[in-house]
Every structure is written in structure tokens, then in C-alpha cells.
Amino acid sequence: MKIIKTVREMQQLSDELRKTKKITLVPTMGYLHEGHLALVRRATELGHVVVVSIFVNPIQFGPQEDLAKYPRDFDRDAALLEKEKTDIIFYPDADEMYPGAFSTYVEVKKLEDHLCGKSRVGHFVGVATVVAKLFNIVKPHFAVFGQKDYQQLIIIEKMVNDLNMDIEIIGHPTIREQDGLAMSSRNTYLSPEERDKALLISRSLKKVEELFREGERNTATLKKEVEDLLHQKEGINIEYVNLCDTDTLEELGTIRNKAVLAIACRIGKTRLIDNTILTEA
Ligand code: AMP
């Protein structure tokens, strides 16, 4: 497994590889868990060269967010990726990615006006910009993203489509702990008591899936179910519970045949997100 830290070296290696092979990229911010590793396995299954990037992207964090304390453990990540037989880790530092005079940003309009984009102003510009940069550096044919970050996934799909990037985006379902909690590097911030409260998020997704299967299509009714469930325990601050169009992310009043239910809330100081796609069988 190669560990590459500079843009130049990565681009040169990718140019060389692309003469005979295809490349699949899995972008991450490290502190890997089974969710990330599922993406890596999906990438490996494709049978091409697998590059995993590890970069805590400063420009996607707001001034009040957790950039400084975001968990990092490169040695552990590298050991996990070695076990998965990853070919290359791209591990640049912030100066390498954003040298002094950096001033070009990618903005995917409209899609960023919903869900997390409302409270995390500038977040998705940071995400789209770093992903565009990673695509130019690693030059992959395929890139794997998790549905856990649903808005991110469709923003990247839109960017790739709008800017004619010749890359196939592969979405991977959310990986959960046995009790339903969506895996996240930020789960390490939760105290046992907070973690217990966090279980209500996935439980409320399940509840809505069940109601949807039974025929409920009114989003106000479904939304209220989630809010009531989350309010069962004190200390869960809901940021949003929305039922949206899966492509435009616009809020729906009545679901026709498909919707994404997306939730963001704060438990203590930790912000957690989760979602599920409701679709007619
Ligand atoms: P992050 O390191 O949080 O930026 O995540 C890197 C990639 O892993 C993104 O595409 C995420 O959507 C994906 N990811 C994070 N958590 C999960 C999960 N529990 N299941 C599936 N994919 C995930």
C-alpha cells in the first residue's frame, strides 16, 4: 500500500495507472469505521485500483464547528486500509490542498439551500470544492460516496453531471451499528447516555418506513411521528425533520411514490444526521 502526500506525486502516479487501469476513489475524512470500510469494499469489488483519500477538509467546517477536535488517527486508519488491501492512501495536509492564494470554489446552487445547507452555510461549497480537487488530483473513473450523507451524495452527482466530469458516482447504503445507530466518526463524541438518546433517530426512521408501507403519504403526519418520538427523551434538539423530493430536495406535502426522510439533531454538543429513502415497492 502506497501512502502519497503530495498533489504532484498523486497526479503523476494516476497518469501512469490510467494508461492500463481504472481507478476508484473513496474520499474520507479518516477516523475510519465500518461505514467507510463498506465503501472501500464496494470499491475493491469493482476490481480496479483503489485510492482512499484521508483529508479533514478545513473549508467545509464553519467557524463554530468541530474542525480542531475532529477525531484523527492516521496510523489506525492506515492499518485498517492495509487489511482491506487498499492500493493507495492519498493523505495530503491542508497547506498542500490549499496553498496560500487559493480562491476558486465550486457552488452547486439550489441543492445547498435545503436540509444541512441551511444551518451549515458554506459547508457544501467546501465539500464540492474539495471533491472537485480530489477528482482532479486522483483522476478516478469511479468514486464511492455514502448515502448517510444524502445531500452530499446528490450534490456531488449534480456537480459531476453539470461540469461534465467523466466519473461514475456510486452511492452506498448507510451502515449501522447493530442497534440501528448510523455509524459516524462523530459518534465518538457521545457519552453512553447521549448514545442511548441517539437511538431514537434510527427508530423514528423505522417507524416512518412502517407507516409509509401501511399507506401514509401525508408528510405532516409522518414528520409529527418523528418529532414525537425524538421528544420522548429530553436533550434532543431537532434541527430539521424533512420529507423531500429525492432529486431536488424540495419539501413535499404529500408523497407520490418516493421521498427522502432526513433528520438532523443535536444531542449535547454533537450534531447527528440520518436519513432513509421511502419508496413504493
Ligand atoms: P466522512 O469521513 O464522514 O467524510 O465520510 C466519508 C464517506 O463515508 C462519505 O461518502 C460518507 O457518506 C461515508 N459514510 C460515513 N458514514 C457512513 C455510514 N455509516 N455508512 C455508509 N457510508 C458512510
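Counting starts from 1 at the beginning of each chain's written sequence and moves along it residue by residue. Owing to the predicted nature of the model, reporting of local features is limited to residues with pLDDT of at least 70; listing and counting of side-chain atom pairs is limited to 80 or more, with chain, interface and lining totals taken over all residues. Side-chain figures throughout are based on the complete set of non-hydrogen atoms in the structure, without hydrogens or water.

What to know about the site of the ligand
If you check the shell around the ligand, you find 17 residues, and the closest are His36, Gly146, Asp149, Ile175 and Met183. For the purposes of these results, a polar contact is taken to be a pair of N or O atoms within 3.5 Å, where, inside protein, one atom must be able to donate a hydrogen and its partner to accept one; residues adjacent in sequence count only when each atom of the pair is a side-chain atom. Gly146 is positioned such that a nitrogen or oxygen atom in its backbone is 2.9 Å from an oxygen atom of the ligand. Residue Met183 places a main-chain N or O atom 2.9 Å away from a nitrogen atom belonging to the ligand. We get accessible surface area from the Shrake-Rupley algorithm with a probe of 1.4 Å; when it comes to residues, only the shown protein chains can shield them. Its free accessible area being 480 Å², the ligand has 93% of it covered by the protein chains. Only heavy atoms are used to decide nearness, and a residue is near a molecule or strand if one of them lies within 4 Å of it.

Digging into the sheet that holds strand 1 (residues 2-4)
In a beta sheet, neighbouring strands are held together by backbone hydrogen bonds and run either parallel or antiparallel to one another. Strand order in this open sheet of six strands is 1-4-3-2-5-6, and the pairing throughout is parallel. This sheet does not close on itself; its edge strands, each paired only once, are strand 1 and strand 6 (168-172). This sheet shows a mean twist of 25° between the axes of neighbouring strands, independent of strand direction. Relative to strand 5 (residues 142-146), strand 2 (residues 23-28) is paired through two bridges, and the arrangement is parallel. Each residue of the ladder has a partner; that of Leu25, found in strand 5, is Ala143. The sheet contacts of helix 1 (residues 7-17) involve strand 1, strand 2, strand 3 (49-54) and strand 4 (88-90), and relative to strand 4 the element is tilted by about 145°. Running over the sheet, helix 6 (residues 123-138) touches strand 2, strand 3, strand 4, strand 5 and strand 6 and is turned about 145° from strand 2. Paired strands are those between which DSSP finds at least two bridges. The helix count covers DSSP runs of H or I at least four residues long, the strand count covers runs of E at least two residues long, and both are numbered beginning at the N terminus. Note on definitions: angles span 0 to 180 degrees between N-to-C directions of axes, and those axes are lines fitted to C-alpha atoms, for helices only across the stretch in contact. The contact definition used throughout considers only heavy atoms, calling two residues in contact when any of these lie within 4.5 Å.

Remarks on the domain arrangement of the protein chain
Note: domain ranges come from an automatic or database domain assignment. Examined at the domain level, the protein chain breaks down into domain 1 (2-172) and domain 2 (185-275). Using only C-alpha atoms to locate each centre, domain 1 and domain 2 end up separated by 26 Å. Facing 22 residues of domain 1, the contacting portion of domain 2 comprises 19 residues. Here, a salt bridge means any side-chain nitrogen of Lys or Arg that lies within 4 Å of a carboxyl oxygen of Asp or Glu. Between the two partners, domain 1 and domain 2, sit one salt bridge. When the shortest N-O distance is used, the salt bridge between Asp66 and Arg186 registers 2.9 Å. If you look at where domain 1 meets domain 2, you find nine residue pairs in polar contact (both at pLDDT 80 or more). Elements supplying a minimum of two residues to the side of domain 1 that touches domain 2: helix 5 (115-119) and helix 7 (150-162). When residues in the side of domain 1 that touches domain 2 are grouped by element, the largest group, four residues, is from helix 5. Throughout this entry, Asp, Glu, Lys and Arg are counted as charged residues, while Ala, Val, Leu, Ile, Met, Phe, Trp, Tyr, Cys and Pro are counted as nonpolar. The remaining residues, Gly among them, count as polar. Here the side of domain 1 that touches domain 2 is built from residues that sort into nine nonpolar, seven polar and six charged.

Some words on the environment of Thr20
You can see Thr20 is positioned in the loop between helix 1 and strand 2. Along the chain, Thr20 and Glu45 lie 25 residues apart, while their C-alpha atoms are 18 Å from each other.

With respect to empty space enclosed by the protein
Points on a 1 Å grid, built from protein atoms alone, make a cavity when a 1.4 Å probe fits but cannot get out and make a pocket when they are open with protein on both sides within 12 Å along at least 5 of 7 lines; residues with an atom within 4 Å of a point are the lining residues. Grid points are joined across faces, edges and corners, and a volume is the space filled by probe spheres set on the points. Inspection of the entire model under this criterion finds one cavity of 30 Å³ or more. In this structure, the largest cavity spans a volume of roughly 60 Å³. Taken together, Lys148, Leu181, Ala182, Ser184, Asn187, Ile201, Ser202, Leu272, Ile273 and Asp274 make up the full set of residues lining the largest cavity. Counting only elements with at least two residues in the lining of the largest cavity, the list comes to helix 8 (192-213) and strand 9 (270-279).

Re unusual backbone geometry
Here Tyr31, not a glycine, exhibits a phi torsion of approximately 55°, which is positive. With respect to the element layout, Tyr31 can be found in the loop between strand 2 and helix 2 (34-45). A positive phi is found at Lys110, a non-glycine position, where the angle reads about 70°. Residue position: Lys110 is located in the loop between helix 4 (94-97) and helix 5. Buried means the residue's accessible area, taken with a 1.4 Å probe over protein chains only, is under 20% of the maximum for its type, while exposed means over 50%, and partly exposed covers the values in between. Exposure remark for Lys110: the relative accessible area of 62% places this residue in the exposed category.

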